Structures are given as C-alpha cells and as structure tokens.
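# What the coordinates show
Each chain, written out:
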Amino acid sequence: MATYATNLHTASLNNKLSSLSLSSNSKFSSFSLTVCQPRHKPRCIVLSANVDAKPTVLVAEKLGEAGLKLLKEFANVDCSYNLSPEELCTKISLCDALIVRSGTKVNREVFESSSGRLKVVGRAGVGIDNVDLAAATEHGCLVVNAPTANTVAAAEHGIALLTAMARNVAQADASVKAGKWQRNKYVGVSLVGKKLAVLGFGKVGSEVARRAKGLGMHVVAYDPYAPADRARAIGVDLVSFEEALATADFISLHMPLTPSTSKMLNDETFAKMKKGVRIINVARGGVIDEEALVKAIDAGIVAQAALDVFAEEPPPKDSKLVQHEKVTVTPHLGASTVEAQEGVAIEIAEAVVGALKGELAATAVNAPMVPAEVITELKPYVLLAEKLGRLAVQLVAGGSGVKSVKVSYGSARAADDLDTRLLRAMITKGLIEPISSVFVNLVNADFTAKQRGLRITEERITLDGSPESPLNFIQVQIANVESKFASAISETGEIKVEGRVKDGIPHLTKIGSFEVDVSLEGNLLLCRQVDQPGMIGKVGSILGEENVNVSFMSVGRIAPRKQAVMAIGVDDQPKKESLKRIGDIPAIEEFVFLKL
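Worth saying up front: this structure is predicted, and the values here are computed from it rather than measured.

### Quick word on helix α15 (residues 421-432)
- An ideal rise of 1.5 Å per residue puts 16 Å on twelve residues; α15 measures up with 17 Å between its terminal C-alpha atoms.
- In terms of burial, α15 is a largely internal element, eleven of the twelve residues being buried.
- Every buried residue of α15 is accounted for by Leu-422, Leu-423, Arg-424, Ala-425, Met-426, Ile-427, Thr-428, Lys-429, Gly-430, Leu-431 and Ile-432.

### Here we look at the pattern of salt bridges
- Counting across every chain of the model gives 23 salt bridges.
- Residue Glu-207 pairs with Arg-211 through a salt bridge whose shortest N-O separation is 2.7 Å. Here Glu-207 and its partner Arg-211 are both found in helix α7 (residues 203-214), four residues apart, which amounts to about one turn of the helix.
- Residue Arg-211 is classed as partly exposed on the basis of its relative accessible area, which comes to 27%.

### Side note on the packing of helix α14 (residues 372-394) against α15
- At their nearest, the axes of α14 and α15 sit 7 Å apart, and the two run at 30° to each other. By the criterion of interaxial angle, the relationship of α14 to α15 is roughly parallel. At the point where α14 passes α15, the crossing takes the right-handed sense. Counted together, Ile-375, Leu-378, Tyr-381, Val-382, Ala-385, Glu-386, Gly-389, Arg-390 and Val-393 of α14 and Leu-422, Leu-423, Met-426, Ile-427, Lys-429, Gly-430 and Leu-431 of α15 form the full contact between these two elements.

### Structural notes on a negative patch on the surface
- On the surface, Glu-86, Glu-87, Glu-109 and Glu-112 cluster together to form a negatively charged patch.
- By the secondary structure assignment, Glu-87 is in helix α2 (residues 85-92).
- The partly exposed category is assigned to Glu-87, whose relative accessible area is 42%.

### A short note on the sheet that holds strand β15 (residues 302-307)
- In spatial order, the strands read β12-β11-β10-β13-β14-β15-β16; together these seven strands make up an open sheet with parallel pairing. Each edge of the sheet is formed by a strand with only one pairing partner; in this case those strands are β12 (237-238) and β16 (327-329).
- Sitting on the sheet, α7 is in contact with β10 (195-199), β11 (218-222) and β13 (250-253), with an inclination near 170° to β10.

### Overview of the side chain of Thr-363
- Following the sequence through the fold, Thr-363 ends up in the loop between α13 (338-356) and α14.
- A distance of 3.2 Å separates a polar side-chain atom of Thr-363 from the backbone oxygen of Asn-145.
- The contacts of Thr-363, once residues within four sequence positions are left out, are Val-143, Val-144, Asn-145, Pro-147, Glu-347 and Ala-351.

### Remarks on α7
- A rise of 1.5 Å per residue sets the reference length of α7, with its twelve residues, at 16 Å; its end C-alpha atoms lie 17 Å apart and thus fit the reference within 8%.
- Check the buried side of α7 and you find it contacts α5 (151-166), β10, β11, α8 (228-234) and β13.
- Just beyond α7, the residue with positive phi is Gly-216, at close to 85°.

### Let's talk about unusual backbone geometry
- Residue Glu-313 is joined to Pro-314 through a cis peptide bond whose omega torsion reads -10°.
- With respect to the secondary-structure elements, Pro-314 resides in the loop between β15 and α12 (320-323).
- With phi around 50°, Lys-263 is a residue other than glycine that occupies positive phi space.

### Quick notes on the confidence of the model for the protein chain
- Of all residues in the protein chain, 89% have pLDDT values of 70 or greater, and the mean over the chain is 85.
- Predicted confidence for residues 1-51 stays below pLDDT 50, and this span has 149 contacts to residues more than four positions away or in other chains.

### Things to note about the packing of α5 against α7
- With their axes 8 Å apart at the nearest point, α5 and α7 run at an angle of 50° to one another. The pairing of α5 with α7 is recorded here as oblique in orientation. In the packing of α5 onto α7, the handedness of the crossing is right-handed. Contacts between α5 and α7 involve Thr-151, Val-152, Ala-154, Ala-155, Glu-156 and Ile-159 from the first element and Lys-203, Val-204, Glu-207, Val-208, Arg-211 and Ala-212 from the second.
- The residue makeup of the contact of α5 with α7, split by class, is seven nonpolar, one polar and four charged.

What counts, and at which threshold
- Residues numbered from 1 in each chain as written.
- Predicted model: local features only at pLDDT ≥ 70, side-chain atom pairs only at ≥ 80, totals over all residues.
- Heavy atoms only, no water.
- Helix = DSSP H or I, 4+ residues; strand = E, 2+ residues; numbered from the N terminus.
- Expected span 1.5 Å × (residues − 1).
- Buried < 20%, exposed > 50% of the residue type's maximum accessible area, 1.4 Å probe, protein only.
- Salt bridge = Lys/Arg side-chain N within 4 Å of Asp/Glu carboxyl O.
- Axes fitted to C-alpha atoms, helices over the stretch in contact; angles between N-to-C directions.
- Parallel < 35°, antiparallel > 145°, perpendicular 65-115°, else oblique.
- Left-handed = near helix turned anticlockwise from the far one by under 90°.
- Contact = heavy atoms within 4.5 Å.
- Patch = residues over 30% accessible without salt bridge, like charges linked within 9 Å, V, L, I, M, F, W, Y side chains within 5 Å.
- Areas by Shrake-Rupley, 256 points an atom, 1.4 Å probe, with all protein chains shown as cover.
- Lys, Arg positive; Asp, Glu negative; His and termini not counted.
- Charge placed at Lys NZ, Arg CZ, Asp CG, Glu CD.
- Pairing = 2+ DSSP bridges.
- Polar contact = N/O pair within 3.5 Å; in protein donor to acceptor, adjacent residues only side chain to side chain.
- pLDDT = per-residue confidence, 0-100.
- Nonpolar A, V, L, I, M, F, W, Y, C, P; charged D, E, K, R; others polar.

Here is the structure:
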C-alpha cells in the first residue's frame, strides 16, 4: 500500500453562495454553483461551468507547416520567432503552450512569468537541456519532446560526418575551389575493420551503429542504461567507458547534455584515448571541452574531429576549433532533412495538442516514465479514474475539507503487473480541480496533493479470473466528511463511488451501498426515492418536457418497495425549475445534480 500526503479544502456550500470564480489558469473561464432547497425537501446542488475558448500556443522557433496545420485545427497559434528573453516572458502569460527548438531558453523566469497558465512546453527535437525541468515540474507544466522523428536524420548525418572526415571531403572541396590540386595532402583512412565506439546507445546511437556495421566497422558502445539484448541484436558489444576510450579508432557521441555528461571529453579523457582517434559529435556541444579538444588535436592525440554542435551556437567567428584545418563543421544540421523537419513538426504538434486535451504523452520528459503500451492499455481507466474523483469530491458537503482518500483497484493481475501511477494522478486531478484553480497532471499530481494535505492510500484487491483486462473496477472512498447526498455514504461511513469500464466507456456502478449502472458522460442526476412504480416515468417526463435527452438511467435498490437510488445521465443541464419539479415529487427524498 502506497501513501501520499497533501491539503485539500472544499468550498463551503450554503444557500447564500451563488457563484465561485476561478483564476485564469483553470480550465474553466467561470464556475457557478446554485443551491435549491424546496420547502420540506433536501437541498439540490447545481454545478455548471463555461468552457474557455481555444487555447493559445506560442511557437517561438520555426516549425514545419504540417505541424502548424495540426496546431491551428485545435488552438490559436502565435508564431513569434527570435524573441528576446524579456519578450518571451511578456508573451508567455497569455499562452497555454510553448513550442521551441534548441535556440530558446525556457528558464525558471519563463515559468514564473506564465503565472500558472503555461500547461505544456514542446521541444521540437530530442534534447531538452534548454528547458528548466525542475521549474517546469514545480509549476505543473508538462515538457514533451519529439524523440523519434529525427532519429534517422541525425544518424545519417553522423555517418555523413564520419565518412566525410575520414576522406577529407570538406577540406579537399575547399582546396579545389581555391584552384589547388592537392591529392597527396588529402589522403584519407579506410573505415573497414576500424573500431567505432558509440557513446550513448539510445535511438540515434543505435541507428548509427547499424549503419556503421554496414560499412564493415567493428562497433562497441558505452551506455550504462542500454539493454544488453538490444546491443546483441545489432551485433554491438557493450563495453566500459575506459575500454571505449582506449581502443576506439573513431568515437561518435550520442548522449544528452546533463551535469554528468557536461565536458565528458576533457583533458583527462583525451589523454586515455588511442593516439590518432577521430571524434564525431552530433549530440550536444557541451559534452566536449572545446579548449581541451583543440589541445588534443594539436598534440596529435586526436587526428580529426567532425562537429555538428557547439557549446555556444553559433560559435564565435574566431573560434580556434571551428577554424582548425583538421576539424569538419556543420551548423547543427543533424535533424535538417525535409522528411525529419516534417516528422518533428507533426510529432511535437500531436504531443502538445494531446497534452492540452489532458491526454498522457508517451514523450513526456518530466513525468514518471510510463511505457507507451501501458498508457494505451490504461487509457479508458484513466478517464474513469478522473471521473470518479470529480464525482466523489462534488458529493462532499461542508467546509471541513477532504483529507483522506482511499483508492481500491480490483484486478486479476499480480500487484507488480499493475502500474497505477497514471490512475492515482488522474484521481488526484479529479479531486482537486473542481474546487481549486490548480491545474493537475501526471507531472505535479503527487506534489500538489502533498501541498494540500491530502492523504491518498492505494489498495489492490486481487480477483479471480483472466488477467487479460488490467482492471475490473476502481473504487474511491473519502473518509471523515459529510455528504450532500446522504445515500453516497457507505455502511462504514465514507463517501464511496465505484466504477468500471464497459465497451471503452467509464460507468458508475456503485454509489454508497447502492448498485447502479450509468455512463459517466455529460451530466448526472442522482435521486434517492421510495421504490414504487412510475418513478422513472415521472422524472423522465419532466426532463422530456424540457427536451433534455436522457443517455442512461439505472435504479439500484435495497429491496422491493424500500429505498432506491436512481442515477440518470443527461446530455444537457436541466433548468432550475425542472430540477425543483423533480425535487417536489413526493417519493423523492433527496437528489443532487452533478456536472462531470
């Protein structure tokens, strides 16, 4: 059982309260609450919300037309390139999403200037060293990248630099164009039989390895996180960092820029290399100490270098490294193919739009790493989890606050075969968002819960049956609170709601001690009544007169002619007069209208 601490206070509900405005970073532009209390009848609580207009996406660097088209179908798109840091901070408070490449620094000041409105930062590419991930997480902002679309392009450019460097293509080209014919000066080296060390065996590194194998090279790799079976499948030997440095004829860099990889190649590591080694870098400039590289070239330790990236971009015009005759350089062209640019634009646009819709992105870089297949499998249950959280918290009455929530998952799978992080985050989202201005997602769910003193415990209930489906049911219980709908209180005194997924649609299947079966779509009307003939017809007639369409209706009862709970799903919100008429039906003991 896992426990997470947090602080959640519900808004006080009373007859004098008529509306509650939320701040601009809420997903609703306004939120109103109306309390109706017919004479001699229990209160009816009506919740409603006005949905904001389209979100705004700021595209701060050049993005392909295919990506822009996708964005414009969902959001208002502001393409403002070459913004200064001050201009970016000024604009960002009006934006829900920001898309950048490698040239824009998204630092803490940017997130603070957004005043909580910024929901997602999309990095059109792989590296995210220009985004302050810690600040993004603290502000509940999801950071997504596009790690796959430019993989092949970057790998191809790495191979292009490898071969061009080995055969002095750039230098020979410049020489011929200068009117010279220096065949003896530009004698190259063969690649066949040479050892290539790939430092960083991720997507790009492994693709470089595949292509280098095709050139007849012997490939080794260093990556403390690379699975051995994937390396074996390509025919690559995983070795230590020291062995890679000491034995390689060529070294190709493919790691991200982090505190641990910053200036990984320096005076000390160059000294450990095989004399005459050649260096290729299409990853990040900061992983090489550029001054140390110049010294290593001049000392003959490094025979040549081919670089697509630099610590400072563009590099100074008088850079000794760039001007060195043994160095081949390109202006960060790793992802610069027509196909890659289009693919990156589409990939990042889809990730940003998905995040703005509240979907969980497989390319999120500051959220718990949840495999894409898990996200796909749990997707319908994620929606169920959020709906149950929203339903449960709207049933709470009074101002004592929600402090303790228990979530139970019924599943035939083993405990270690059910990843509930997504589900817990979405239950937290459902519990907190309806009664606060905070935007909750997978990034900040646990952090937000702890801030609000909310304790969430999780329990897995092992069921018999086939483990083909990940979950049979999800149950949410809120302890030590009063309910505005007394029938939601279970035998043990908690507000209890339970749901299942049926045909991909979330359903409410239990409220309190009553079994029901109603789709959790649109609005929900809950009535407790005396179980007698004609009740469904009476309520249905009132709704029908107002042209309110009923999507689902279910009745759960204790015993015939005793108490029953009727759950009605409706597409539209009934007028106050209609709700009052329902409340005036003699057999109706209490009811509540909820907007999910």
